[in-house]
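# Architecture at a glance
Residue strings, one per chain:
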Amino acid sequence: TVTATPNPAGMGSAVTYTYTVTNNGELTGGVIFTDNVAGSSIPVTAGTLTASPGSCSTAVNGSAQCNLGTLAPGQTAKVTVPLTPTPPTTPNTSPVTLINSGTVSVTGSNFTKSASTNVTVNDFNIKVDPPTATVTAGQPATYTVTVTPTGSGFSNSVSLSASSGLPTGATQSFPQGSSIPNLSSGAQSRQLVINTTARVTTPASLFRPKGPIYVAWLPLSGLAMIGAGVGRRKYRRAAIGVFAAGLFSLLIFQAACGSSSSRSTTTGTPAGTYSITVTATSGAARTQEITLTVN
């Protein structure tokens, strides 16, 4: 016999098939269980099979085998087969069916017995409204993200994100939470807010002295030079001329030691049009591109 959980299941999430093998006859050795993984109705990835009692091999060429050994009359063995439905590139528009089967055989005899069961696999898709938004830097852009299952009974949680493609100075947030517990009751929506940062331009200083301010002591030196010429009229005019020439030279030297750079710095979210990826993940990942224009 075989059972499968969960049922229904979500695309990209593991489904566990549990096979129970019961010996209804005499003591029997060489009991083998074989699972036809490749024969599943949709593409799947097999996990590690386990048997109690017994041991299992890794699936080879789409087939996995477990050696259950010897079973006494009335004894049972259990085999678990974890299978994960492979998400298609394009989401399914309706539920699909996963069928798996296992077969018991006895080495040296023609005895075989098979069992199978079906699991309904629901996919989901994502839609974001509006697909485009335009804001001024510093203002938020608001979108509505809706996740819709292809069928009822989608019990898996779904996580949302929108970090891919965000411009500089922008952050994402989901005020109602970025996780949806399940889609069992149908489509679920969450608000997505992309916050931008206002641009601020900071001008650099127009004049930054890099050395000592020589001009500060020029008046003192000039007075000293003029004072030195008092009482010597014939040298006073020459002293004033030397002082003027020195003053002019020092002013030029001071200007050379200063910085006249006027380079400015701008921070915030740059103007432009950005493509942002919104992702819903639940085993499978579904995405939609949205556009954000920042003025």
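Residues numbered from 1 in each chain as written. Predicted model: local features only at pLDDT ≥ 70, side-chain atom pairs only at ≥ 80, totals over all residues. Heavy atoms only, no water.

### Quick word on the state of the cysteines
Here the structure, examined in full by the defined rule, presents one disulfide. Covalent S-S linkage joins C56 and C66, the inter-sulfur distance amounting to 2.0 Å. Its torsion about the S-S bond being 105°, the disulfide of C56 and C66 is classed as right-handed. Taken as a pair, C56 in strand β7 (residues 55-56) and C66 in strand β8 (residues 64-71) lie far apart in primary sequence, 10 residues in all. (Disulfide = S-S within 2.5 Å. Helix = DSSP H or I, 4+ residues; strand = E, 2+ residues; numbered from the N terminus.)

### Observations regarding the sheet that holds strand β2 (residues 9-10)
Spatially, six strands are ordered β2-β11-β10-β4-β8-β7 in an open sheet, and the strand pairing comes out mixed. Bordering the open sheet on either side are β2 and β7, each of which pairs with just one other strand. Note: strand β4 (residues 28-35) against strand β10 (residues 96-106), five bridges, orientation antiparallel. Bridging across to β10, V31 finds its partner in V106. (Pairing = 2+ DSSP bridges.)

### Digging into the pairing of strand β13 (residues 132-135)
Burial along β13 is one-sided: the face carrying A133 and V135 is buried and the face carrying T132 and T134 is not. The sheet contact formed by β13 and strand β24 (residues 284-294) spans four bridges and is parallel. Counterpart to A133 in the pairing with β24 is L292. (Buried < 20%, exposed > 50% of the residue type's maximum accessible area, 1.4 Å probe, protein only.)

### Concerning the packing of aromatic side chains
With the rule as written, the count across this model stands at two aromatic pairs. Ring geometry for Y19 against F33: centres 4.9 Å apart, planes inclined by 50°, an arrangement best described as tilted. Placement of Y19 in strand β3 (residues 15-22) and of F33 in strand β4 is noted, with a sequence separation of 14 residues between them. You'll find Y19 and F33 in the same group, each marked buried. (Phe/Tyr/Trp six-rings, centres within 6.5 Å; stacked < 30°, edge-to-face > 60°.)

### Topic: the pairing of β10
The side-chain alternation of β10 yields one buried face, formed by V96, L98, N100, G102, V104 and V106, and one unburied face, formed by T97, I99, S101, T103 and S105. Looking at chain direction, β10 and strand β11 (residues 112-122) are connected through 10 bridges and run antiparallel. Bridging from a neighbouring strand, I99 pairs with N118 of β11.

### Some points on the sheet that holds β24
Strand order in this open sheet of five strands is β13-β24-β23-β15-β17, and the pairing throughout is mixed. Both outer strands of the open sheet, β13 and β17 (179-180), are each paired with one neighbouring strand and no more.

### What about unusual backbone geometry?
Here the bond from N7 into P8 is cis, since omega is 5°, no more than 30 degrees from zero. Considering the arrangement of structural elements, one finds P8 in the loop between β1 (2-5) and β2.

### Description of the confidence of the model for the chain
Close reading of the predicted structure is inappropriate where its pLDDT is low. Looking at the chain as a whole, the pLDDT averages 85, with 80% of positions reaching at least 70. Between residues 213-218, whose pLDDT stays under 50, and residues either more than four places distant or in other chains, the model counts nine contacts. Under a pLDDT of 50 for its full length, residues 222-231 has, in the predicted model, eight contacts with residues more than four places off or in other chains. (pLDDT = per-residue confidence, 0-100. Contact = heavy atoms within 4.5 Å.)

### Some words on the environment of L166
Within the fold, L166 resides in the loop between β15 (158-164) and β16 (171-173). Given a relative accessible area of 23%, L166 falls into the partly exposed group. C-alpha separation for the pair L166 and T277, spaced 111 residues apart in sequence, amounts to 8.6 Å.

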